[in-house]
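Close look at the chain arrangement
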Amino acid sequence: MNNAFLTWFRTRGLFSWLALAVVLLVLFPLLLDSFRLGLVGKYMTYGFVAIGLVMLWGYGGVLSLGQGVFFGLGGYAMAMFLKLEASDPESTKIQSTPGIPDFMDWNQLTALPAWWEPFQYLPVALLGVIVVPTLLAFVIGYALFKRRVGGVYFAIITQAIALILTVLIIGQQGYTGGVNGITDLKTLLGWDIRTDSAKLVLYYVCAILLLLAILGCGWIQRSKLGTLLLAMRDKEDRVRFSGYDVAMFKTFVFCLSAMLAGIGGALFTLQVGFMSPSFVGIVPSIEMVIFAAVGGRMSLVGAVFGALLVNFGKTYFSESFPDLWLFLMAALFIGVVLAFPNGLAGLIDSHIKPWLARWRTAKAAAPMAPADPAPPPVPAAAAQPPEPSLPAHLAQEKT
Amino acid sequence: MSNTDFVLAVEDLTVSFDGFKAIDNLTLYLDRGELRVIIGPNGAGKTTLLDLICGKTRATGGSIKFKNEEMLGKPEYRIVRAGIGRKFQTPSIYENLPVFKNLEVSFPHGRGVFGALAFKCTQEVNDRVQAVAGEIGLAGKLDWEAGLLSHGEKQWLEIGMLLMQDPELLMLDEPIAGMSARERELTAELLQRICQNRSVIVIEHDMEFVKRIAHKVTVMHQGKVLAEGPMDKVQSDPRVIDVYLGH
Ligand SMILES: Nc1ncnc2c1ncn2[C@@H]1O[C@H](COP(=O)(O)OP(=O)(O)O)[C@@H](O)[C@H]1O
Ligand SMILES: [Mg+2]
């Protein structure tokens, strides 16, 4: 591999991406049993939400505490299709109205509601997974950002929307399955999604989509739009008075983050086999922000690792000490935000990378001076602590 | 007045903040290619006037015509796209981005969401960044992080970001505040160069500097125009001496 290629690779942050790809596609499938691998598959779906938050919160400077809404909408769109497939007249013949989902029958519905009808077609459902969250984000984003609502107010409003949607889902039991959610999902176009082999396939689909999503977001970060987002975070008025419609840029990243969350939700439904309001509300939405904060809100790959790590922690601790988990997570969040504002990725940038750079230059210099035991002087670039808020592709251009 | 040859025609402009008229029935015309300096004591409403022209503050009444087109009520980005650039009183640059990016992002292409996604830093953009960087004396610091520049260089960078947009009207709020004598000198030369093919409004306190650059001076006091004309005439106006130069 020549040097130009390596530089190209590094400025795009592709080494960490490659590391993630190896971990997800090779290491985990080799090392973990099918139960644990299923868990990772589930955690990866939160990775979609986390990278959406990197774009929205890390880059755009807009904190949403309602990403569960979009995760849920994507998840429900998928669940509706699967539920309709599982509710064919043959398997529901003991119901008073065969051919409709069981929870509708229990709630005395006698026909499928009209807005459920389109979801019997997979292409419509898949389109719904993407379009419904994106459209809702557009409406919310356009209305709020055009009115210059931002910061804490925006966070609180998104939180309120998460609450409203949860209440709505739980209240409309006959249409949504209520607090239990949509359960007993079985097949996708006749393919049983509950078997180990299906789970493995879905795991790979999820991992590959996630890796592609990271590449896509990386491309956006390096585009002028990415630079504008950073500029807006720094001096919003300067961007506005340079001829940009700031509200539209914020709306765009909000839609992007919603779309990613929706895709994550749909993959969650497929792998876990149900969807319920417990993934929509305030607490899951805040947890999603913690994933991104722990992993590093400026790093796409970091945020995915954050989602995996925090969820492993959650599973471990809530099995052993269920009461402790909430406190632990709150402490983790406060600790990370106060001590390591750029999360794990920031720690790696400020500690591991300079060390690696020193090691590399030491190795490169060695053949030239084999007899000299003294370490070569540290180049300025490696000795300088890197600016944590500056993304890699910009930091590279500085040198 | 309907159509005029003025590049900017501000007429009967008024803005009141809770009854306090920061700009009070102000009328001001600016010729093409003119460099106008606005002076006046602190709180006279100079910054507010620029805020009104660029759409940052909404006027209570009056009219602002740029090339005979009404600007009042337009969103900020439309006013900028019409050709009005504005520098803020405190240097307003993207401290975390390299100087090059600061300039590149100000280039007036790819201003929509999808335009920005598709935007490429072509040879044309690169040449323009280099040319502007040369103009503002930062050609050697393009890869510096903007936050590391000196105060004066930050002021120049912001002027450079405006030049990237090639505006027909450039408004600068106290561009030499905090600059050394040498930097003031360079800025005066810069302003004389850049007003060759555009109109410029400068707000400034430093009388030596004003004398050097101004074509015409407008003195503001309590939201009104107190006097207007060449520097020497304004300077000898007894009302001006009374409120501004006298103390
Ligand atoms: N948004 C605002 N709300 C209330 N008062 C304001 C606002 N902006 C400016 N003012 C007042 O208007 C007056 C003019 O201010 P300004 O234009 O900044 O003066 P100058 O730039 O000439 O020093 C000041 O008294 C200031 O307090
Ligand atoms: Mg002022």
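Relevant structure appears above.
To keep things clear, this report deals only with the structure shown in the data block.

Considering the overall build of chain B
The number of helices and strands found in chain B is 10 helices and 10 strands. A compact globule built from 247 residues should have a C-alpha radius of gyration of about 18 Å, and chain B, at 18 Å, falls within 12% of that. The burial tally for chain B puts 55% of its 247 residues in the buried class. Here chain B displays about 10,100 Å² of accessible surface, and carbon together with sulfur accounts for 49% of that area. Charged side chains of chain B number 29 positive and 34 negative; the gap between the two group centres comes to 3 Å.

Things to note about the coordination of the magnesium ion (ligand 2)
In an ideal tetrahedron of four donors about a metal, each angle is 109.5 degrees. In an ideal octahedron of six donors, the angles are 90 or 180 degrees. Residues and elements named next belong to chain B. Only Thr 47 (OG1) and Gln 89 (OE1) from the protein coordinate the magnesium ion (ligand 2), and they sit 2.0 to 2.6 Å from it. Of this pair, Thr 47 sits in helix α1 (residues 46–53) while Gln 89 sits in the loop between β6 (84–87) and α3 (99–104), placing them 42 residues apart in sequence. Exposure remark for Gln 89: the relative accessible area of 35% places this residue in the partly exposed category.

Digging into the interface of chain B and chain A
Between chain B and chain A, the contact holds 35 residues from the first and 32 residues from the second. Together, the buried faces of chain B and chain A total about 3,000 Å²; carbon and sulfur atoms form 61% of this surface. Remark: the boundary between chain B and chain A carries three salt bridges. Applying the counting criterion to the chain B and chain A interface returns 13 residue pairs in polar contact (both at pLDDT 80 or more). Looking at the side of chain B that touches chain A residue by residue, the class counts come to 17 nonpolar, six polar and 12 charged.

As for the site of ligand 1
All names here are of chain B. Residues in contact with ligand 1, as listed here, are Phe 17, Phe 20, Ala 22, Asn 42, Gly 43, Ala 44, Gly 45, Lys 46, Thr 47 and Thr 48. Gly 45 is positioned with one of its backbone polar atoms (N or O) 3.0 Å from an oxygen atom of ligand 1. The contact in question runs from an oxygen atom of ligand 1 to an N or O atom on the backbone of Lys 46, over 2.8 Å. Elements that contribute at least two residues to the shell around ligand 1 include exactly β2 (20–30) and α1.

Remarks on the sheet that holds strand β10 (residues 224–229) of chain B
Sheet strands pair via backbone hydrogen bonds, and the direction of the pair is either parallel or antiparallel. All names here are of chain B. Within the open sheet, the six strands sit side by side as β6-β7-β8-β3-β9-β10. Their pairing is mixed. The two strands at the open ends of the sheet, each matched to only one other strand, are β6 and β10. Mean inter-strand twist for the sheet, computed between neighbouring axes without regard to direction, equals 20 degrees. Two strands pair when backbone bridges link them, and strand β3 (residues 35–39) and strand β8 (residues 199–203) are joined in this way by four bridges, in the parallel orientation. Residue pairing for β8: Arg 36 is matched across the bridge by Ile 201. Packed onto the sheet, helix α6 (residues 151–164) meets β6 and β7 (169–173) and runs at close to 170 degrees relative to β6.

Digging into the side chain of Arg 198 of chain B
Residues and elements named next belong to chain B. With respect to the element layout, Arg 198 can be found in the loop between α7 (181–194) and β8. In terms of polar contacts, Arg 198 uses its side chain to reach the backbone carbonyl oxygen of Pro 167, at 2.8 Å. In terms of polar contacts, Arg 198 uses its side chain to reach the backbone carbonyl oxygen of Ile 194, at 3.1 Å. For Arg 198, the contacting residues outside a window of four places in its chain are Gly 33, Glu 34, Leu 163, Asp 166, Pro 167, Glu 168 and Leu 170.

So, the packing of aromatic side chains
Residues and elements named next belong to chain A. With the rule as written, the count across this model stands at 22 aromatic pairs over all chains. Ring centres of Trp 115 and Trp 116 lie 6.1 Å apart, and the angle between their planes is 55 degrees; this geometry places the pair in the tilted category. Looking at Trp 115, the relative accessible area reads 46%, which means it is partly exposed. Cluster of aromatic residues (ring-pair linked, three or more members): Tyr 46, Phe 71, Phe 268, Phe 274, Phe 279 and Phe 291. For Arg 297, the ring lying beneath its charged end belongs to Trp 57, and the centroid distance is 4.6 Å.

Here's the deal with the sheet that holds strand β4 (residues 61–66) of chain B
All names here are of chain B. With antiparallel pairing, four strands are arranged side by side in an open sheet as β2-β1-β4-β5. Where the open sheet ends on each side, the last strands, each with one partner, are β2 and β5 (69–70). Pairing between β4 and β5: two bridges, direction antiparallel. Opposite Lys 65, over in β5, you have Glu 70 as the bridge partner. Sheet strands in contact with α1 are β1 (8–17), β2 and β4, and its direction is about 110 degrees off that of β1.

So, how was this worked out
Residues numbered from 1 in each chain as written. Chains lettered and ligands numbered in written order. Predicted model: local features only at pLDDT ≥ 70, side-chain atom pairs only at ≥ 80, totals over all residues. Heavy atoms only, no water. Helix = DSSP H or I, 4+ residues; strand = E, 2+ residues; numbered from the N terminus. Rg over C-alpha atoms; globule rule 2.2 N^0.38 Å. Buried < 20%, exposed > 50% of the residue type's maximum accessible area, 1.4 Å probe, protein only. Areas by Shrake-Rupley, 256 points an atom, 1.4 Å probe, with all protein chains shown as cover. Lys, Arg positive; Asp, Glu negative; His and termini not counted. Charge placed at Lys NZ, Arg CZ, Asp CG, Glu CD. Donors = N, O, S within 2.8 Å, 3.2 Å for Na, K, Ca; no water. Contact = heavy atoms within 4.5 Å. Buried area = accessible area lost by both parts, 1.4 Å probe. Salt bridge = Lys/Arg side-chain N within 4 Å of Asp/Glu carboxyl O. Polar contact = N/O pair within 3.5 Å; in protein donor to acceptor, adjacent residues only side chain to side chain. Nonpolar A, V, L, I, M, F, W, Y, C, P; charged D, E, K, R; others polar. Near = heavy atom within 4 Å. Pairing = 2+ DSSP bridges. Axes fitted to C-alpha atoms, helices over the stretch in contact; angles between N-to-C directions. Phe/Tyr/Trp six-rings, centres within 6.5 Å; stacked < 30°, edge-to-face > 60°. Lys NZ or Arg CZ within 6 Å of the ring centre and 35° of its normal.

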